[in-house]
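Coordinate inspection notes
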Amino acid sequence: MAGRQDRAEYVRIARELRARIMAGDHAPGSRLPTLPELAATHGVSETTIRQALAMLRGEGLIETRARAGTRVRARPPVHRLQADRYRNKRGSGPATPYTRDQGIGWSEYRLDKRFELTEADDELAELFGGAVGEQLLARHFVFHDNDVPTQMSTSYLRWSDVADTPVADPINEPWPGGTRAQLASIGVHVAKVTESLTGGMPSPGEAETLRLGASVPVLRIVRRHIATGGRVVEVARPIVRRADTTVVEYEVDLDDGV
C-alpha cells in the first residue's frame, strides 16, 4: 500500500512541475528549486522529489548537471516536413531537403558522415527490389542545426551506380540539392520518392546521438528514391527525428471531381 502511495505522490508532483514548465512558470534555462525546497513545498521526502524529477528528465524536460543544479531544457522548435520538400526549388543559395525542413541557411548546417561498403540484407534487398548480398554504399549521417543534432539516418546507394564517382566520396558532403542532385550528377534521374513512417521509443544510441530524454519518442522514416522506369536507386533506413517536435504534412490532389 505504501509503495502505491509513494508512486502516486511522485507522479502527482511530476505532473504539477510539468504543467508549470509547459505554462512557462519555469522558463527554459531557468533553475528549479533545490531538492530540500521542493520537498518542503510539496510536503514529501527528497527521495520522492528525486523520483518526480527522474520522470521529467526522462521526458527531456529538465537536465541536471554537476554544480549547476537542475534546469529546464530549452524546447526545440517544431519543424514541418512538407510533402514537396524533395522537389527542385530555386533559392538564393545552396540547400537540401533537410535545410528546408529546418528553415536554416547553409552556414547553419553541419553534417557528420561515415561511409562504408556493405551488402544488402533481406529487408534491404526487398526495399531495393534486388538480390540479397548486393553490394551497397552505406552512408551514416547525423544532421546538425546550428550544432544541435536533430536528425540521423543511414542512406544506401547501389555500389554499381556510384563506384568511382564523386558521390562515393564523403569529402563532397554535404551536397547542395541532396541525394536527388547527387544522382542527377551521374546521370540517374529520380522520378519518385516514397516514404513510410513508424513511431516508437529511441534506442540508446539514438537517444544519445540526438540528445533525447529516454521517454521522448522518435519518428523513423524509410525513404526510397526511385528512378525513371521504376528502379530503386536509394534507400534510407531509417531517417530518425524526435516525434514531439516534428509535423509530417501530406497533400493529396483530388482531380476526379468527387
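The preceding data block contains the structure.
Residues numbered from 1 in each chain as written. Predicted model: local features only at pLDDT ≥ 70, side-chain atom pairs only at ≥ 80, totals over all residues. Heavy atoms only, no water.

Take the side chain of His26 next. Considering the arrangement of structural elements, one finds His26 in the loop between α1 (2–23) and α2 (35–42). His26 gets classed as buried once you look at its relative accessible area, which sits at 10%. Each residue touching His26, except ones within four places of it in the same chain, is listed here: Leu17, Arg20, Ile21, Leu32, Pro33 and Val72. (Helix = DSSP H or I, 4+ residues; strand = E, 2+ residues; numbered from the N terminus. Buried < 20%, exposed > 50% of the residue type's maximum accessible area, 1.4 Å probe, protein only. Contact = heavy atoms within 4.5 Å.)

By size, the foremost hydrophobic cluster in this structure holds 18 residues, and its most contacted members are Tyr109, Phe143, Val162, Leu183 and Val233. Apart from the residues lying within four places of it in its own chain, the contact partners of Phe143 are Tyr98, Tyr109, Arg110, Leu111, Val148, Pro149, Thr150, Gln151, Met152 and Ser153. Leu17, Ala39, Ala52 and Leu61 belong to the second-largest nonpolar core, a separate cluster that totals 16 residues. (Core = buried A, V, L, I, M, F, W, Y, C linked by side-chain atoms within 4.5 Å.)

A separate point is the pairing of strand β6 (residues 148–158). Along β6, 10 of the 11 residues are buried, which leaves the element largely enclosed by surrounding structure. By the bridge criterion, 10 bridges tie strand β5 (residues 135–145) to β6 in an arrangement that is antiparallel. Bridging from a neighbouring strand, Arg139 pairs with Ser155 of β6. Linking two consecutive strands that pair antiparallel, namely β5 and β6, is a turn of 2 residues; a positive phi of about 50° is found at Asn146 within it. (Pairing = 2+ DSSP bridges.)

The subject of this paragraph is unusual backbone geometry. Glycine aside, negative phi is the norm for most residues, and most peptide bonds take the trans geometry. With an omega of 0°, the peptide bond between Glu173 and Pro174 qualifies as cis. Looking at where Pro174 falls in the secondary structure, it is placed in the loop between α6 (159–162) and α7 (178–185). Geometrically, the link from Arg237 to Pro238 is a cis peptide bond, its omega value of -15° lying close to zero. Here Pro238 is to be found in strand β9 (residues 232–242). Despite not being glycine, Asp147 shows a phi value in the positive range, around 70°. In this fold, Asp147 is placed in the loop between β5 and β6. Non-glycine residue Asp164 carries a positive phi angle of around 65°. Here Asp164 shows up in the loop between α6 and α7. Judged by its relative accessible area of 81%, Asp164 falls in the exposed class.

Moving on, we get to the pattern of salt bridges. Within the structure shown, the criterion is met by 18 salt bridges. Across the salt bridge formed by Asp161 and Arg231, the nearest N and O atoms sit 3.1 Å from each other. Note that Asp161 is positioned in helix α6 and Arg231 in the loop between β8 (218–227) and β9, a separation of 70 residues in sequence. Here Asp161 falls in the buried class, since its relative accessible area comes to 19%. Here the salt bridges do not stand alone but share partners, grouping Glu9, Arg12 and Glu16 into one network. (Salt bridge = Lys/Arg side-chain N within 4 Å of Asp/Glu carboxyl O.)

Structurally, Gln82 can be placed in the loop between β3 (79–81) and α4 (97–102). Note on Gln82: relative accessible area 37%, which makes it partly exposed. Remark: the alpha-carbon pair of Gln82 and Pro97, spanning 15 residues in sequence, is separated by 9.4 Å. Aside from chain neighbours lying at most four places away, what touches Gln82 is Asp101 and Glu249.

Next up on the list: helix α3 (residues 46–58). With 13 residues, α3 should reach 18 Å at 1.5 Å per residue; the first-to-last C-alpha distance of 18 Å fits that figure. Buried residues of α3: Thr48, Ile49, Ala52, Leu53, Leu56 and Gly58, and no others. Just beyond α3, the residue with positive phi is Gly60, at close to 80°. (Expected span 1.5 Å × (residues − 1).)

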